[in-house]
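Topology and contacts: notes
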Amino acid sequence: MTDTNLPTTDGDVEQPDLTMTLDMNILQHLGLKMYTSLPAVISEYVANAWDAGATEVDISVPTEESMSEDYEITVTDNGVGMSYDEVEDKFLVVGRNRREDEDTDVVEVRGMTRSVMGRKGIGKLAGFGVAGKVVITTYKNGKYVEFELDYDQMKEEGNEDNPADTSTYDPEVTDWGTDGEMEHGTKVTLTDLNRERRPTLRYIKERLARRFSVIDENFVIRVNEEPVEPTDRGIKRECGYVQEFEEPIEDNAGNEYEVEGWIGTMEEPIKDDEQKGVAVMARGKLVQEPTFLGVTMTTEGQFALEYVVGEIHADFIDKDDLDLISTDRSSIAWGKEPATQLRAWIKERIVEVADEGAEKRREESLSEAKETESYDERIEGLPDEKQQEIDEFIGKASEHREFETGEKDEFIEKVAESAQQEVFTDFLTDMKAVDVSNTDAVFDLFDRWEVIDALELMQVARGRLETISKFRELIESDARDDEQVHEFISENPWVLEPRWDYVDDEPEYREEVSGQFPSEDVHDNPDDRLKILCLGYGENLNVVEILRPNDTIERRHLESLELYVDYLRNYVVEQDDIYRSVSGYVIGGKISDAAERKARRLERDDIYGRTYERMQQIAENTFDQFLDVFKEKAEKTGDERLMKRVESLEEETAAD
């Protein structure tokens, strides 16, 4: 059927039909198994929009709906669209190489010349990584056709006994005509989504911003009407140290290839594995997910890598005469030239930036430490040689600490006290003088430092032992003073989660939750709720509902907690650029069987039910783990002081 005969819904002409030729291996490997990340799936359709000459792409991701059968995500562009024949002869041809087929690697449309992003002709299957159905509605010259790709139907029509056999699939044409909503453009609708949690807008915007460097006034991407900005990448502006690059690299034959971009170090260790490392872009699109390319450094250097991010642009990677990009366009074939040279160049730059970034953090930490009252009073007057050694130690040991100008600082005070002990200053001197090739000498130094470190940590352990006793008293007193409970958990968050050494109390979020969900609206007995806390730890916000120690956690309490968490997950995206995830806890005296079953399921969604008894067990187990570590150190080093401290702690535990 030709475009001129494309029927309208009112005409007598039979419904048009479409055919796709494929095999099940392609469907499995290029659909379900390659594109499992929602931003990666959306990126494929955004790239198609770019190649179609679009200047605007609108992505709709509902945030208010639950993940039901009706939930859908749409990607709509104002590109040139496709005629019926182009759908049949081009779009539905899996594996079509547009650049070879049209003998050009650029697209000229609407007076613009663009480098073609698509190459392998498989992006159309990307939707099956997250969705069971993909509906395409495309408009061109006032005519349109809408058809549906259904994964289950494809499997039924394919040969599952022999997936390599080629088969045909006839997509269902669901609408067609000449009175479409748009003059030109394409709309992709993803339905039957295989996801348990709604995506957040910030997550999608950040990933799209990082995957495309062509975002400007001539190529606008919007998510729920909010423009995606280059600054949404959210990484370069957060770096404390950045190196910019624009230089050629050379292959073994002497050919030069231009490379530009930047690599930097963040102010804090990067917790998001999808951001960590250096990404590579070509033709404005991501071709290598962030990576360290196997860089190996010293132990201290490996930790410095936790701060490194970057973005390198190497358009030569996507030239027609080179085949250096993997099928899913998310990694590079590094074993081929000139990718081999690019890999070596990036690795050198990563090591260089990681080292210089770490040195900058050490200098900044030391500079801040020197402004404290403790440094001025306790260390400033030491002999220059000792002061220099201590400065080096402070710089390395306090990279992640914050110091208050003109105030006393506990860390500096302890360093000053330790500096008066011969073992500490001798350790600093020996650490600089030891030959790292002398393994025995290095391990001897480590043993000595372990003793110093363990003695310090045992002070923390003793404090936690006392805290556990106070916590037990708090529970037994029935905790009638809600402010007392609030203050206790805020100051000792590790009784709730052992990894929380500190938290940020967030009254704004607490008031927001309490205002949106008054106790009388969510609890049969409004007095059930003792307190709601919102505690920040890193990039995670934790909402904690505290019941009285004699109250039982019921299923309804967990259902209420789900409401708080879902609400905050949307609220923090709109209000804050600090928190990226939200978890929930409800604390009570006991937990019913029904609530316990539900709690086990909810743990996958970072929602927990905790009894006071369980919290006490966690705290005591944490202390026992401390004690086990100290025992091992004492036995390993044979240090008498450490052994006596361990015995003393064991006696205190037994007495308690």
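Before reading further, recall that the structure is shown in the block above.
Summarised in this report is the structure supplied together with it. Predicted, not measured: the structure shown is a model, and the values here were computed from it.

What counts and what doesn't
- Residues numbered from 1 in each chain as written.
- Predicted model: local features only at pLDDT ≥ 70, side-chain atom pairs only at ≥ 80, totals over all residues.
- Heavy atoms only, no water.
- Phe/Tyr/Trp six-rings, centres within 6.5 Å; stacked < 30°, edge-to-face > 60°.
- Lys NZ or Arg CZ within 6 Å of the ring centre and 35° of its normal.
- Pairing = 2+ DSSP bridges.
- Helix = DSSP H or I, 4+ residues; strand = E, 2+ residues; numbered from the N terminus.
- Axes fitted to C-alpha atoms, helices over the stretch in contact; angles between N-to-C directions.
- Contact = heavy atoms within 4.5 Å.
- Patch = residues over 30% accessible without salt bridge, like charges linked within 9 Å, V, L, I, M, F, W, Y side chains within 5 Å.
- Areas by Shrake-Rupley, 256 points an atom, 1.4 Å probe, with all protein chains shown as cover.
- Salt bridge = Lys/Arg side-chain N within 4 Å of Asp/Glu carboxyl O.
- Lys, Arg positive; Asp, Glu negative; His and termini not counted.
- Charge placed at Lys NZ, Arg CZ, Asp CG, Glu CD.
- Buried < 20%, exposed > 50% of the residue type's maximum accessible area, 1.4 Å probe, protein only.
- Parallel < 35°, antiparallel > 145°, perpendicular 65-115°, else oblique.
- Left-handed = near helix turned anticlockwise from the far one by under 90°.
- Nonpolar A, V, L, I, M, F, W, Y, C, P; charged D, E, K, R; others polar.

Here the focus is the packing of aromatic side chains. In the structure shown here, the tally under the stated rule is 12 aromatic pairs. Members of the aromatic cluster, joined through ring pairs, are Tyr-509, Phe-517, Tyr-564, Tyr-567, Tyr-571 and Tyr-579. Directly above the ring of Trp-50 sits Arg-114, whose terminal nitrogen or CZ lies 4.0 Å from the centroid.

Moving on to the sheet that holds strand 15 (residues 277-282). The pairing of strands in a sheet comes from backbone hydrogen bonds and takes either a parallel or an antiparallel form. In space, the five strands of this open sheet follow the order 13-14-17-15-16, with mixed pairing throughout. At either end of the open sheet lies a strand with only one pairing partner, and these are strand 13 (239-250) and strand 16 (285-291). For this sheet the average axis-to-axis angle between neighbouring strands, irrespective of direction, equals 15 degrees. With 11 bridges connecting them, strand 13 and strand 14 (residues 256-266) associate as antiparallel partners. For Glu-247, the partnering residue across the bridge sits in strand 14 and is Val-259. Helix 6 (residues 201-211) rests against strand 15, strand 16 and strand 17 (308-313) of the sheet, and its axis sits at about 110 degrees to strand 16. Here helix 8 (residues 339-370) sits on the sheet and contacts strand 13, strand 14, strand 15, strand 16 and strand 17; the angle it forms with strand 13, its principal contact strand, is near 155 degrees.

For the rest of this paragraph, the subject is the sheet that holds strand 12 (residues 226-227). Pairing in this open sheet of eight strands is mixed, and the strands run 9-7-6-10-3-2-11-12 from one edge to the other. Each edge of the sheet is formed by a strand with only one pairing partner; in this case those strands are strand 9 (172-177) and strand 12. Those strands touched by helix 2 (residues 38-51) are strand 2 (56-60), strand 3 (73-77), strand 6 (131-140), strand 10 (185-193) and strand 11 (220-223), and its axis lies near 20 degrees from that of strand 3.

This part takes up a positive patch on the surface. Together, Arg-597, Arg-600, Arg-601 and Arg-604 make up a positively charged patch on the protein surface. Relative to the helices and strands, Arg-604 is located in the loop between helix 18 (593-602) and strand 24 (607-611). Look at Arg-604 and you get exposed, because its relative accessible area is 64%.

Further remarks concern the pattern of salt bridges. The full count for this structure, using the stated rule, is 16 salt bridges. In this structure, Arg-222 and Asp-58 form a salt bridge, with 2.7 Å as the shortest nitrogen-oxygen distance. Of the two residues, Arg-222 is situated in strand 11 and Asp-58 in strand 2; the sequence distance between them amounts to 164 residues. In this structure Arg-222 comes out as buried when scored by relative accessible area, which is 19%.

Attention shifts here to the packing of helix 2 against helix 6. It is at 9 Å that the axes of helix 2 and helix 6 come closest, and there the two elements cross at 55 degrees. Here helix 6 runs oblique to helix 2, going by the angle between their axes. Helix-helix and strand crossings are classified by hand; for helix 2 and helix 6 the assignment is right-handed. Packed against helix 2, whose contacting residues are Leu-38, Pro-39, Ala-40, Ile-42 and Ser-43, the element helix 6 presents Tyr-203, Ile-204, Arg-207, Leu-208 and Arg-211 at the interface. For the contact of helix 2 with helix 6, a count of residues per class yields seven nonpolar, one polar and two charged.

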